[in-house]
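Architecture and fold: a report
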Amino acid sequence: MEDPDLVGAYGTAWNYKEERVTDAYNGSYSMKVSERKYYWMGAGQIVQMQQNVAYSVSVYIKQLNNNTKMWQRYEFYAAYQWSADSNDKQYVQLAQHSFGSPDDGWFRLGGDFTSPYRTFHSVNVYIQGPDPGIEFLVDDMELTEITENPNWRTEALQRIEQIRKGDVTISVSVADNLDPSLVELDIKLARHDFPFGSVAENSYITNPDYTLYQSRFYQFFNWATNGGYKWHGHDESSWRQPNYDQAIAATDELRKNGMPVRGHNMFWGLEDGSSISKWIETKSPDQLRQIIQERVQDMTNITIGKLEHWDVNNELLHGQLYEEVSGDPTFTQDIYRWVHAADPNTKLFLNDYDVVAMGSVTDDYVNQANQFRAANCGLYGLGVQSHFRTNIAPDASLLKYRLDKLASTGYPLWITEMTLENADENIRADQFETALTAYFSHPAVEGIILWGFWDHGGTSPEAALVSGNAMYINAAGQRYLNLTKSTWSTEKTSTLSSKNENINMRGFYGDYDVIVKYNGQPIESLHFKLSKTTGNQPNTWSIDVSGNGDAITMPPLPTTVDPLYHNHHVSHEHAHTLGHASFTQSGANDLSCTTKYSGLSQVGDDQTASVSCDAADVMTGCSSVTQDHLNYRDGESYHVDNGIVSCTAVNGWQSSAPVQAMARCCRKTGLKCTYVTAGPSGHGRDDQIEAVCPANTVPMGCTSYTYFRNMDGAFPTNTSCVAQNDGIDSVFTFGSCCHAPSLTCAVRRSSFSGLNQGDSSSVTCNQGETLVGCSVYSEDGRTAGTILDDTNTCTAVNGRIKAEGEEGVLAIAVCCS
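Everything in this summary refers to the structure shown in the same document. Predicted model only: the values in this text are computed from it and were never measured.

1. Digging into the overall build of the chain
Per the secondary structure count, the chain includes 14 helices and 46 strands. On the principal axes, the C-alpha backbone points of the chain span a range of 95 × 95 × 55 Å. Taking all 817 residues of the chain together, 56% fall into the buried category. The long-range fraction of contacts in the chain, counting pairs at least 24 apart against all pairs at least 6 apart in sequence, stands at 77%. Side chains of the chain give 57 positive and 97 negative charges; the mean places of these two sets differ by 1 Å.

Following this line, the structure appears as structure tokens:
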């Protein structure tokens, strides 16, 4: 800012005012930015960057005025212009400072980022964020390349050897009646001291339908996060008295199996118009304080002694609901004091995203942590969520760079919600190894918790370690196990040459099993702990080998749990008739049908598309399909309104394309249909719901519908329509039950489709038959729907890649003549 020509250096294209002033952070001058009309107005420059290179960016800012807000947010942004067309741009956040105010004096806005792989025409790096009318000074704006460390892996492995392992001396004495040359020690790490964990799905941990999930969880992990403690409810009464029975039951089950548990989360300062924010915003500061103190007491009363950690107020960098309502900028620090006073033995954490997986708020998190340290409010450590962007490989050099920044606060670091996504499981395995190695090798990191591991348990298939209902361990899962159970584990076999012998060993910290064998048979089973020691105190284990050499019975190895296939529980809840339709014209002795198509739905959860038949026709079938052939759909259903029958397709959560409904519209003299429904089904795995047709009718068009996107589909029996859930979420079934004089019908099934997303399988009615209904079914869910057309063909589409041991989709046609 020492250049007198600020306009030449920074321009005034956005028509704010910039002037050089003598109040400077460094040197003699800074730039004053004023007369801003929009939040995005601020100092910036066109800069030269290379593609796919890491940079740090920083600037010092001094805020001069304020409005009614406690804080103003400041951001560094990059405007990447991809071509000579000035409108061909993309805006990317580079850094964020959430809590700017005039009281701070000069503060630093900083972060780091990697420039795009894609070629760009130019890039403008600029400051934005505070409200219009906010004036501020700018000084020492820097953009610096971060040099990649080509030796990061070698250095990481050296740190792992240094910080995760220790030395032990095993002192062995052999009784006089035994030959030491026949004594052998098998030494094996049984349980890591270092926490490797995952969030646990409460509904699976305690559910007897999911013994394989439980087996895999305990096979992979030694710590758990219980995400069932969030504040939930629908009105003031349920907010004040939420039910946490399932969360407590799951916590108890995990602890019974030796799992320390993190609690996630007691508070979450959302500012997105959620139901809790709407409720909280109606309270006065005093009422808010009372409500928060009541919740602290209620939650600590039911969890005390059960949790090792609490994420107390989640993602505080990104939402300050309680501060805004109370008018107190340090309100959350009081929350930590109250929790710590009520439960002093549970360790309390901040927890936030983009602080290491990205570099935009790392510096902001450091600032927040330092403020909490100065406040001495009971904070133990920093939760580092680590949600990596899809298909972006972790950069080990940048991960260490950011972890070092966070470690400068003096707080321990926990990786709390790690996810990374790549459709190629082998690339995913490599990326897991990079990130896990970077984290495990950092001395400030005390534990690594994944945010799920099974593609049916809330984790996307592209992020999973375990896939499918058979819980196949994919390449990423095998790599994870290899690292945590083999590469980062210790196993040693030693034989003796004398009656008194010392064995020196270096191993990973944790609990060890030592099996003493004599003449090849186990005669003793011992358990020791290799711990970090203070000063020069060595770890020593003493083993006395005695007895007469008789073998002992060893405890059985853990049994392998097979996939659970069981009889489907069938219910008939709330079965009822929706309405009726008849073909009232004469002269149509032969059955004829056509397909009518709806328009396309909007993209998004619960967006719908509907279609009805022509006035004279009767709807016998209702189908739908997603336009991208992915499984993000809620299914389809019949509706009868004032005698008009419609087929409605419903889009699902996370959908990226529309759905389209298809109705099968038929004519035959005397054709009559009754439309039935039942549901919801039960919540057991693969529970079914059945709607029975009236006597003397045939189920023709059977559908499934759910609020939750997950379902196995529907199929007709001789007398009913059945829908099946996928997992524990309930489903509904809808069906058309029809009859006509001299009408005979048969159910035709296709072979299974392939296992890839978009694979399909078709079945065509026989010669002389007409297609009246078309359903999709898969025992392993993830269907994209069905397509029925005027060629008498029913096509089912697989909506997601299936894993080894799973089945594709079936097309099920009802064909009549």
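There's more to say after this.
2. Some details on the state of the cysteines
Under the defined criterion, the tally for this structure stands at 9 disulfides. For Cys-593, the disulfide goes to Cys-666, at an S-S distance of 2.0 Å. Disulfide Cys-593 to Cys-666: torsion about the S-S bond roughly 110°, handedness right-handed. Placement of Cys-593 in strand 29 (residues 592–600) and of Cys-666 in strand 34 (residues 659–667) is noted, with a sequence separation of 73 residues between them. A relative accessible area of 0% places Cys-666 in the buried class. Note on cysteine connectivity: Cys-745 is disulfide-linked to Cys-816, with sulfurs 2.0 Å apart.

3. With respect to the sheet that holds strand 11 (residues 183–192)
Hydrogen bonds between backbone atoms are what pair the strands of a sheet, whose relative direction is either parallel or antiparallel. The 4 strands lie next to each other as 22-11-24-25, forming an open sheet whose pairing is antiparallel. Only two strands of the sheet have a single partner each, and these edge strands are strand 22 (491–495) and strand 25 (521–530). Averaged over all neighbouring strand pairs, the angle between strand axes comes to 20°, with direction disregarded. One ladder, built from 9 bridges, connects strand 24 (residues 510–518) with strand 25; its direction is antiparallel.

4. Considerations on helix 11 (residues 362–375)
Counted at 1.5 Å a residue, the expected span for helix 11 with its 14 residues is 20 Å, and the 20 Å between its end C-alpha atoms agrees. Where the residues of helix 11 are buried, they touch strand 6 (89–100), strand 7 (106–114), helix 10 (331–342), strand 16 (347–352), strand 17 (379–384) and helix 12 (396–407). Positive backbone phi, approximately 50°, marks Asn-376, located one or two places after helix 11.

5. A few points about the sheet that holds strand 13 (residues 223–226)
Taken in spatial order, the 8 strands of this closed barrel run 12-13-14-15-16-17-18-19, and their pairing is parallel. On average, each strand axis in the sheet is inclined to that of its neighbour by 30°, with strand direction left out of account. Where strand 17 and strand 18 (residues 413–418) come together, 3 bridges link them in parallel fashion. Pairing of Val-384 across the sheet is with Ile-415, part of strand 18. Contacts from helix 10 reach strand 14 (261–268), strand 15 (309–314), strand 16 and strand 17, with the element oriented near 155° to strand 15. Packed on one face of the sheet, helix 11 meets strand 16 and strand 17 and runs near 155° to strand 16.

6. Looking at the pattern of salt bridges
Across all of its chains, the model carries 35 salt bridges by this definition. Between Glu-433 and Arg-479 there is a salt bridge, with the nearest N and O atoms lying 2.7 Å from each other. Of this pair, Glu-433 sits in helix 13 (residues 425–440) while Arg-479 sits in helix 14 (residues 475–487), and the two are 46 residues apart along the sequence. Here Lys-529 and Asp-511 are joined by a salt bridge, their closest N and O atoms 3.2 Å apart. Of this pair, Lys-529 sits in strand 25 while Asp-511 is found in strand 24, placing the two residues 18 residues apart along the sequence.

7. Points about the packing of helix 2 (residues 152–163) against helix 13
The contact between helix 2 and helix 13 brings their axes to 9 Å, and the two run at 45°. By the angle class used here, helix 2 and helix 13 are oblique. Both helix 2 and helix 13 take part in a crossing whose hand is left-handed. In contact with Trp-152, Arg-153, Ala-156, Leu-157, Ile-160 and Ile-163 of helix 2, helix 13 contributes Glu-433, Thr-434, Thr-437, Ala-438 and Phe-440. For the contact of helix 2 with helix 13, the residue count by class is 7 nonpolar, 2 polar and 2 charged.

8. As for the packing of aromatic side chains
Under the definition given, this model contains 51 aromatic pairs. A centroid spacing of 5.9 Å and a plane angle of 65° characterise the contact between Phe-217 and Phe-453, whose relative ring orientation is edge-to-face. Of the two residues, Phe-217 sits in helix 4 (residues 211–220) while Phe-453 sits in the loop between strand 19 (445–450) and strand 20 (466–467), which places them 236 residues apart along the sequence. For Phe-217, a relative accessible area of 0% translates into the label buried. For the ring pair Phe-267 and Tyr-322, a centre distance of 5.8 Å and an interplane angle of 80° mean the geometry is edge-to-face. Of this pair, Phe-267 sits in strand 14 while Tyr-322 is found in helix 9 (residues 321–326), placing the two residues 55 residues apart along the sequence. The exposure class of Phe-267 is buried, given its relative accessible area of 1%. On the basis of relative accessibility, which here comes to 0%, the residue Tyr-322 falls in the buried class. The structure contains a cluster of three or more aromatic residues connected by ring pairs, namely Tyr-204, Tyr-210, Tyr-213, Phe-217, Tyr-218, Phe-220, Phe-221, Phe-453, Trp-454 and Tyr-480. Sitting over the ring of Trp-82, Arg-118 keeps its end group 4.1 Å from the ring centre. The ring of Phe-267 is capped by Arg-295, whose NZ or CZ atom sits 5.7 Å from the centre of that ring.

9. Remarks on the nonpolar core
In terms of nonpolar packing, the biggest core is built from 124 residues, with Trp-231, Tyr-322 and Ile-448 touching the most fellow members. The element that contributes the greatest number of residues to this core is helix 13, accounting for 7 residues. Counting 33 residues, the second largest nonpolar core, distinct from the first, contains Cys-647, Tyr-705, Leu-743 and Val-772.

10. Points about helix 12
Residues three or four positions apart in an α-helix share a direction because the helix packs 3.6 residues into each turn. Here helix 12 is 12 residues long and its end C-alpha atoms lie 16 Å apart, about the 16 Å a rise of 1.5 Å per residue gives. Those residues of helix 12 that sit buried are Ala-396, Ser-397, Leu-398, Leu-399, Arg-402, Leu-403, Lys-405 and Leu-406. The backbone nitrogen of Ser-397 lies 3.0 Å from a side-chain oxygen of the residue at the head of helix 12, namely Asp-395.

11. Topic: the packing of helix 10 against helix 11
At their nearest, the axes of helix 10 and helix 11 sit 11 Å apart, and the two run at 55° to each other. Taken together, helix 10 and helix 11 sit at an angle that is classed as oblique. Where helix 10 crosses over helix 11, the two elements pack in a sense that is right-handed. Seen from helix 10, the contacting residues are Thr-332, Gln-333, Tyr-336 and Arg-337; seen from helix 11, they are Gln-371, Phe-372 and Ala-375.

12. Overview of the environment of Gly-735
As for its position among the elements, Gly-735 is in strand 40 (residues 732–739). Residue Gly-735 is classed as buried on the basis of its relative accessible area of 0%. In the structure, Gly-735 is positioned 636 residues away from Phe-99 in sequence and 57 Å away in space, judged by C-alpha atoms. The residues touching Gly-735, leaving out its near neighbours within four places in the chain, are Tyr-638, Thr-674, Tyr-675, Val-676, Gly-701, Cys-702 and Cys-721.

13. A few points about the side chain of Gln-128
Its place among the elements puts Gln-128 in strand 8 (residues 122–128). If we skip the residues at most four places from it in the chain, Gln-128 touches Tyr-39, Trp-40, Arg-73, Tyr-74, Glu-75 and Tyr-77.

14. Remarks on the environment of Ser-762
Tracing the sequence through the fold places Ser-762 in strand 42 (residues 760–764). Sequence-wise, Ser-762 and Thr-786 are 24 residues apart; in three dimensions their C-alpha atoms are separated by 9.4 Å. Residue contacts for Ser-762: discarding those within four places in its chain leaves Ser-750, Thr-793, Cys-794, Thr-795 and Ala-811. In this structure the side chain of Ser-762 is engaged in a polar contact, spanning 2.6 Å, whose partner is the side chain of Thr-795.

The rules behind each value
Each chain has its residues counted from 1, following the order in which its sequence is written. Where totals are concerned, whole chains, interfaces and linings use all residues; where local detail is concerned, this predicted model gives features only for residues with pLDDT of at least 70, and gives and counts side-chain atom pairs only at 80 or more. Each side-chain value is derived from all of the structure's non-hydrogen atoms; neither hydrogens nor water enter the calculation. In this text, helices come from DSSP runs of H or I with a minimum length of four residues, and strands from runs of E with a minimum of two, each type numbered from the N-terminal end. Each residue is placed in one exposure class: buried if its accessible area under a 1.4 Å probe, protein chains only, is under 20% of its type's maximum, exposed if it is over 50%, and partly exposed if it falls in between. Here a residue-residue contact requires only that any non-hydrogen atoms of the pair lie within 4.5 Å. Think of it this way: Lys and Arg go in the positive column, Asp and Glu in the negative one, and His and the chain ends go nowhere. For charged residues, the charge sits on one atom: NZ in Lys, CZ in Arg, CG in Asp, CD in Glu. We call a pair of cysteine sulfur atoms a disulfide whenever their separation is within 2.5 Å. By definition, two strands form a pair when at least two bridges between them are found by DSSP. The axes used here are C-alpha line fits, helices contributing only the stretch in contact, and every angle between their N-to-C directions lies in the interval 0 to 180 degrees. For a helix, the expected span equals 1.5 Å multiplied by the number of residues minus one. Throughout this description, the term salt bridge denotes a Lys or Arg side-chain nitrogen within 4 Å of a carboxyl oxygen of Asp or Glu. Each angle is binned into one of four classes, with values under 35 degrees roughly parallel, values over 145 roughly antiparallel, values of 65 to 115 roughly perpendicular, and all other values oblique. Each crossing gets its handedness from the near helix: less than a right angle anticlockwise from the far helix is left-handed, clockwise is right-handed. Residue type decides the class: Asp, Glu, Lys and Arg count as charged, Ala, Val, Leu, Ile, Met, Phe, Trp, Tyr, Cys and Pro as nonpolar, and the leftover types, Gly among them, as polar. Working definition: a ring pair exists when centres of Phe, Tyr or Trp rings (six-membered ring for Trp) sit within 6.5 Å. Plane angles under 30 degrees give stacked, over 60 give edge-to-face, the rest tilted. For a Lys NZ or an Arg CZ to count as sitting over a ring, it must be within 6 Å of the ring centre and within 35 degrees of the ring normal. Remark: nonpolar core denotes a set of buried residues (Ala, Val, Leu, Ile, Met, Phe, Trp, Tyr, Cys) joined through side-chain atoms within 4.5 Å. Under this definition, polar contacts are N or O atom pairs within 3.5 Å; protein pairs additionally need one hydrogen-donor-capable and one acceptor-capable atom, and for neighbouring residues in sequence, both atoms have to be side-chain atoms.

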